[in-house]
Amino acid sequence: MTYVVAIDAGTTGIRSRAIFPGSARNVSAYTEFTQHFPQPGWVEHDANEIWAAVVWTLSRVITEVGSNPAAIGITNQRETTLVWNRRTGQPVYRAIVWQDRRTEPVCKRLREAGMSALVQEKTGLVIDAYFSASKLQWVLDHVAGARALAERGALAFGTIDSWLLWQLTGGEVHATDVSNASRTMLFDLHRNRWDPELLDLLDIPDSILPEVLPSCAEFGHTHPD
């Protein structure tokens, strides 16, 4: 039976759903994960718990259908920021969620320095802590040893789609799609690439960034495990 699976990696839970061409058959599984609020205005997720929820829901769906899907697609909470070690595959810090406001002082300084027009012209976005860029900078500056590791190319950054893609492919693929990249405040919409000027502005090494592909690209193959 030919079908595809959609993984909906939301802010509070994971749903995996089998989609059958020309059929209204509904096979899906859902589970929630923990919300962490370490300080007022801070919101974090355990990336390993998110991955475990994906494994659980995928397993439930595939077991019920009785065969493997032809393809898997991902939709996800955007802007949520994660950094992990390329060698160990472990996050260096919890995922900082899109609602998190800890980096508003950084964004305020950028606005006061007159950077708003530059950022908006390149990215289409206003300078705000909502987006991934200042969250990524915060991790590099506040997690012990993170910046040094990043500058050696030992760390990977991504939104939740990149994390799940890394896990699904057994660490073979570090990538994202243009729709997620466009919500980082680091992506030049006109040149369809990570912007060197914005990376320099926030002191972010380009070695940490995922490859950006079209949303409909073939990103890789799931690891047999």
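What you are looking at is a predicted structure, and each value in this text was computed from that prediction instead of being measured. (Residues numbered from 1 in each chain as written. Predicted model: local features only at pLDDT ≥ 70, side-chain atom pairs only at ≥ 80, totals over all residues. Heavy atoms only, no water.)

## Points about the overall build of the chain
Operational definition: Comment: elements are numbered from the N terminus, with helices defined as DSSP H or I runs of at least four residues and strands as E runs of at least two. Note on method: radius of gyration uses C-alpha positions; expected globular size equals 2.2 Å times residues raised to 0.38. Think of it in three bands: residues with accessible area under 20% of the maximum for their type are buried, residues over 50% are exposed, and the middle band is partly exposed, with areas taken using a 1.4 Å probe on protein chains only. Contacts: residue pairs with any heavy atoms within 4.5 Å of one another.
Within the chain, the regular secondary structure consists of eight helices and 12 strands. In terms of overall dimensions, the chain is globule-like: its C-alpha atoms have a radius of gyration of 18 Å, near the 17 Å expected for 225 residues. With the principal axes as the frame, the chain shows a C-alpha extent of 55 × 35 × 30 Å. The burial tally for the chain puts 48% of its 225 residues in the buried class. Restricting the contact set of the chain to residue pairs at least 6 apart, pairs at least 24 apart contribute 65%.

## Looking at the pairing of strand S2 (residues 13-19)
This is how it is decided: The criterion for strand pairing is that DSSP finds at least two bridges linking the strands in question.
Pairing of strand S1 (residues 4-9) with S2 involves six bridges; the strand directions are antiparallel. Residue pairing for S2: Asp-8 is matched across the bridge by Arg-15. Here S1 folds back onto S2, and the loop between the two strands holds three residues.

## Points about the layout of surface pockets
Condition: In this analysis the probe radius is 1.4 Å and the grid spacing 1 Å, with only protein atoms considered; a cavity is a set of points the probe fits into but cannot get out of, a pocket is an open set with protein on both sides within 12 Å along at least five of seven lines, and lining residues have an atom within 4 Å of a point. Grid points are joined across faces, edges and corners, and a volume is the space filled by probe spheres set on the points. Put simply, Ala, Val, Leu, Ile, Met, Phe, Trp, Tyr, Cys and Pro go in the nonpolar bin, Asp, Glu, Lys and Arg in the charged bin, and everything else, Gly too, in the polar bin.
Of the pockets and cavities examined, the largest pocket occupies roughly 990 Å³. For the lining of the largest pocket, the elements supplying multiple residues, two or more each, are helix H1 (47-65), strand S5 (71-76), helix H6 (160-168), strand S9 (175-177) and helix H7 (178-181). No other element matches the six residues that S5 contributes to the lining of the largest pocket. Broken down by class, the residue content of the lining of the largest pocket amounts to 15 nonpolar, 16 polar and five charged.

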